[in-house]
Amino acid sequence: MLKRSATLAMHAPSQGTGGAPKLAPGALMKIAVPVVATVAALLVGLLIIASTGSSVTEAMLAFWDGMAGSGYNVGASINRAISLGFVGLGFIFANRANLTNVGGEGQIAIGGMFATAMALHGAASLPFGLAFVLPLLVGTLAGALWGGLAGVLKSSRGTNEVISTLLLTFIALPVVYWSVESVRLLRKPLTEVSSLPESAEIADPTKLPMLFPNDPTSPLHIGLVLFVIAVVAVWVVLKHSAFGLKLRAVGLNELASRRAGIRTGRLIVASMAIAGGLGGLAGAIMIQGQNYYLTNEFSSGYGFDGLVVGLLSRGSPLGVVVGALLFGFLRSGSIAMEITAHVPAAVVLICQGLIVIAVAGSTWLIDRKASK
Amino acid sequence: MTEDQLAVFIGSGLRLAMPIVLAGTGELLSQRAGVLNLSLDGMMLTSAFAAALASWLTKSPMVGLMVGVMASLALAYFQAVLSVTLRANQLVVGIGFNILALGATTFLYREIFGPLSRDTIPGFGKVNVPWLSDIPVLGPALFQQTGLAYLALALVVVTWALLKFTSFGLAVRAVGDDPRAADQAGINVTRTRYLGVLYSGALAGLGGAFMSVADSNTFTEGMTKGAGYLAITAVIFGGWSPWKTLGACLLFGFATALQFLVPAMKLDVPVAVLLMLPYVLALFAVAGFVGTNRQPAALTLAFRRGG
Amino acid sequence: MALLELAGVAKRFGAVLALDDINLDVARGEVHCLLGENGAGKSTLCNLIFGVHRPDGGRISFDGKPFSPSGPIDALRQGIAMVHQHFSLVGTMTVVENLMMGRARRVLEPREVIARMQRLADEYQLEIDPWRIVRELSVGERQRVEIIKCLLGDPQLLVLDEPTAVLPPEEVESFLTVCRRVADSGRGVILVTHKLAEIATVADRTSVLRHGRVVETVAMEGADMRRLVCSMIGHDIHTGDGVLAATLGLADAPAADADAIAQAAAHSRRGRDGGPPALLLKGVTYRDANGVTRLDDVSLTVHSHEIVGIAGVEGNGQSELGAILAGLADASSGQITVDGTDLTGAAPKDITACGVGIVPEDRHAVACVTALSIAENLCLGATERYSRFGLLDRGAMSKATAALMREFDVRASGPDAPMSSLSGGNQQKAVLARELSLSPLKFLLAAQPTRGLDVSAVEAVYSRIQAARDRGLGVLLISSELNELIAVSDRVAVMYRGRIVGEMAATAANREAIGAMMSGHSHA
């Protein structure tokens, strides 16, 4: 009948969807809002400090010192950032499929616990670096199972993954507590001298190799290398791989994706497992790279902070890196601030809460700008 | 298990369940209207602290209670502004408020009370229901609770009646299932959702205040210990029905009470297992027994006219 | 004095001028029809009258006073009620509860509402059981509830947006009688439709809308139908333009029947000679999550070189059949065979690999992911073809998509434009392009393929399907537009309450019989 193919109005492709140039209208807002929110929240924090009568300058000095006052402190802040970053990466990965993983804390705990168990029971004598690689793998796998379980519940039962990952965290934490409470499990043998609930120290071969072994003041280990690899891998997969496109499709419209032939159930489980695995890896690295023995509550909120980092990054691996560094340095500063200047670390919690709320509440602003 | 132990178990189970019942019943209304209020824990914590503080200052637990509820309502209002008007992601907002509440209450507690303060605050005494409380075993357990506990149960009935018999309840149900249709029928979706969130804030406030002013007569940092999440889970477990939610809340309360019963019975169960028991139960609940076909269809979905 | 008057009303959505200089008036006791094809602006105009949108220009006066409602609630209060295309009923609640929604009372008084409902039912003959749950009602029954809901508020003006689109042919007449009675009771009625036959029955005056403007307003006495069609679509239609005539609900010329029968016979001969049938359904039964039987022992054959139409009012199992064929639901029992391969219970990927193309009834929910680009949508099912070591080759994707877009006349700014930026017609063309370019392709399911499309898009879609049929494809066409179905298909099967209640040749002569079967009156 009517064929007007010759006059098809096809201009050169304008703004794409996958590879949008950096100057797309929404991008500026995406960066500006978290920055403004962070600065504003920090100012509020300073106000609170001032209101308690503590000296703001003293607090800020202690804060700065803790963050970057020495080479060691900088390295420690970076190590903290690595843990946060892994959880954040896991979050944005699952979020691509519209899955919200809030179980980072539990995944760290489980990962660290299993890594410790592996390190203490058999890994120490393995050759060729397997001594530290195997516990890392085991920890990652444990975290992957923990996250994958939530994925299975979601795909087979429709269980909301926010609830299930949260519950799994509240289950994982007592499990770790149990493991360091019981000598039959991971607790180090009771002696007359000490009977703290913690594991024995892991053997040297199972500790992560240092990046600068000749510099005793640098706490940096190969966890940093692993993190960089992870950032690149996540970026490549999300942006350029078929798997990443499928993730995005499933997150946007599960039914249409299924119709297109994508096995959405498997995809959901896989993405939650990857998110959990990254969290487990973070836990393993914390034990093998810094702590060297397992304690109760060693995860100390890194999972939740990592979640915040993931939320703020709005899906960008680079955003995760920036956010992780920010929160890593913040944490170092806040610890020092509490010890030296006696300002409660809870102030930083307030700041974090404000940042999350501010960013969440401004999505309408970002979306409006982006659609213009 | 001795008679005494049983009585103590039932009594403490009920006592531990009450904050969850209060928060859960309020959350039920909010979720029926389509708003998942993840900041429930933060509301309870805020209220617990505010109630403790006010009660300590004025020596009146009643004033403490009212202040606690007001504090929680304030938080609920901001939650509503973000979730309903600004259409922010309800889950993220909830988590944010929880972090904020934890930080703020911890900070203020340290500042005002100091980290080592163990002052007890004036709290509600127990109410002895005459004659009924003389029944062996069940009597002391069921009928010697604080007044707030009976209020909690009354509120369950109130909520049930609200949903079933009033036009507000009808609006809540409509808005949660099909906000577009409700809007076209002339229902103010925004107002209904606001009221739902505020209702859950008020009841969460009662629940939090219960913990500090009626139950333990003190405040400790992070004292809610995830009770808010258990309440949310109870709503889902209870298939969004008031009575089943009540049942789920009681179940979780009793599971928590086991923490004290088991050592008393000299059973060699690791504390950790008891600690995680409520959450394991909750996980089974959301995994297995959910009546998903009764989930409010528009739950967590923001509403925009013409969208 | 006119009940409703619009003068110079305009409405803009972003850069698009949806309504331009609308001049319209409706009197009491009048049934005023709004005629126009899909996309002309009829729904926008109705929503504007009902307060959902605010006009960007012009004046509206209602009952002599200036009218600018703050929203639907305000419009209702002032006396304007609207029955929407997608009903404003909450499916999980009962009829009574839906009727009580939005009324001011604090405590619910169901008995009073039922009493009033009964009075209305008697006056307008709108019978309905108040205690039934809405999602279990048929579409026609739901519409009745909508109307009662509107009438409860005692409106002065009733606006009905494409109400007969969801009714079986038998019920259309009684519905139009209700409209007449409502107008006769002193109210004004605005009836929006694109079916000329209905206008002839019930309208006092008709306003024709085209591209957002009122082209003309005519009194129905002595009006020329052909001229109205001209005004509506901007050009005259030719005799024998069966599809177009069908879309518009014009009576078909009986002479075309002989042709159609001969053609259908020729097609079916080619089909039956050419090997295994494109689709073979044997005893397919489907029970949904609530245990309700939605498909009951359905057996059907579609040969190659033929188009089999499934007639039936929406909600009689067509959606479920479509879902099963697409692999999104599993039949409870029975067998599905495509080109000799058993595909019972197969996954969507395997179904597609066996040469099954699906154009689903819900474009936005099932056919495509609207936020992704056209290229991403068209290549989503075949990412292996466009990736090396797991990484996507977007250049190849764009090239292939651009070629398809050219071939199927899909208008967009480019293969990387988001699917959501396309018009409904172009989206459907894109989906069709994807499905028809599958290789191998043995069978195509097209479910409600022209819903919401303007006339030229309808033509494009059907001509593609027919061309594919001529090349050897077997097509199952599901549509609730009976006239279109008859014009395009070779054979028609009728679905009622989940069963195939009859099959016959697709001719205009059989139209009445088919219509009767659609309402449940079977002949055998």
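Residues numbered from 1 in each chain as written. Chains lettered and ligands numbered in written order. Predicted model: local features only at pLDDT ≥ 70, side-chain atom pairs only at ≥ 80, totals over all residues.

1. Considerations on the interface of chain B and chain A
Phase 1: Counting from both sides, the interface comprises 36 residues of chain B and, opposite them, 35 residues of chain A.
Phase 2: Of all the elements in the fold, those that place two or more residues in the side of chain B that touches chain A are α4 (90-113), α10 (227-237) and α12 (271-288) of chain B.
Phase 3: Element by element, the count of residues in the side of chain B that touches chain A is highest for α4 of chain B, at 15 residues.
Phase 4: Tallied by class, residues from the side of chain B that touches chain A come to 26 nonpolar, 7 polar and 3 charged. (Contact = placed C-beta atoms within 7 Å. Helix = DSSP H or I, 4+ residues; strand = E, 2+ residues; numbered from the N terminus. Nonpolar A, V, L, I, M, F, W, Y, C, P; charged D, E, K, R; others polar.)

2. Here we look at the domain arrangement of chain C
Phase 1: Annotation of chain C at the domain level lists domain 1 (4-245), domain 2 (255-368 + 431-518) and domain 3 (372-417).
Phase 2: The gap between the C-alpha centroids of domain 1 of chain C and domain 3 of chain C is 41 Å. (Domains from an automatic or database assignment.)

3. Regarding the sheet that holds strand β16 (residues 356-359) of chain C
All names here are of chain C.
Phase 1: Strand order in the open sheet formed by 6 strands is β16-β19-β20-β13-β21-β22, with mixed pairing between adjacent strands. Among the strands making up the open sheet, the edge pair consists of β16 and β22 (499-505). Averaged over all pairs of adjacent strands, the angle between strand axes in this sheet comes to 20°, irrespective of strand direction.
Phase 2: Packed onto the sheet, helix α11 (residues 318-326) meets β13 (306-311), β16, β19 (443-447), β20 (474-478) and β21 (491-496) and runs at close to 145° relative to β19.
Phase 3: Where helix α17 (residues 455-471) meets the sheet, it contacts β13, β19 and β20, and its direction lies at approximately 135° from that of β13. (Pairing = 2+ DSSP bridges. Axes fitted to C-alpha atoms, helices over the stretch in contact; angles between N-to-C directions.)

4. Looking at the packing of helix α2 (residues 40-58) of chain B against α4 of chain B
All names here are of chain B.
Phase 1: One can describe the packing of α2 onto α4 by two numbers: an axis separation of 8 Å at closest approach and a directional angle of 20°. Comparing the axis directions of α2 and α4 gives the class roughly parallel. Viewed along their axes, α2 and α4 form a crossing whose handedness is left-handed. In this structure, α2 uses Asp-41, Gly-42, Leu-45, Thr-46, Phe-49 and Leu-53 to contact α4, whose residues at the interface are Phe-97, Asn-98, Leu-100, Ala-101, Leu-102, Thr-105, Leu-108, Tyr-109 and Ile-112.
Phase 2: In terms of residue class, the contact of α2 with α4 is made up of 10 nonpolar, 4 polar and 1 charged. (Parallel < 35°, antiparallel > 145°, perpendicular 65-115°, else oblique. Left-handed = near helix turned anticlockwise from the far one by under 90°.)

5. Side note on the sheet that holds strand β2 (residues 16-26) of chain C
Residue and element names in this part refer to chain C.
Phase 1: What the 4 strands build is an open sheet, ordered β2-β1-β4-β5; its pairing is antiparallel. Strands at the two margins of the open sheet, each flanked by one partner only, are β2 and β5 (65-66).
Phase 2: Note that strand β1 (residues 4-13) and β2 share 7 bridges and pair antiparallel. Each residue of the ladder has a partner; that of Leu-4, found in β2, is Val-26.
Phase 3: Here helix α1 (residues 42-49) sits on the sheet and contacts β1 and β2; the angle it forms with β2, its principal contact strand, is near 65°.

6. With respect to the pairing of β21 of chain C
Residues and elements named next belong to chain C.
Phase 1: Judged by how many residues are buried, β21 sits mostly within the fold: 5 of 6 residues are covered.
Phase 2: In this sheet, β22 lies alongside β21 in antiparallel orientation, the contact comprising 6 bridges. Its bridge partner lying in β22, Ala-493 is registered against Glu-503.
Phase 3: In textbook terms, the turn of a hairpin is the stretch between consecutive antiparallel strands, and for β21 and β22 this stretch comprises 2 residues, one of which, Arg-497, has a positive phi near 50°. (Buried ≥ 20, exposed ≤ 12 C-beta atoms within 10 Å, placed from the backbone.)

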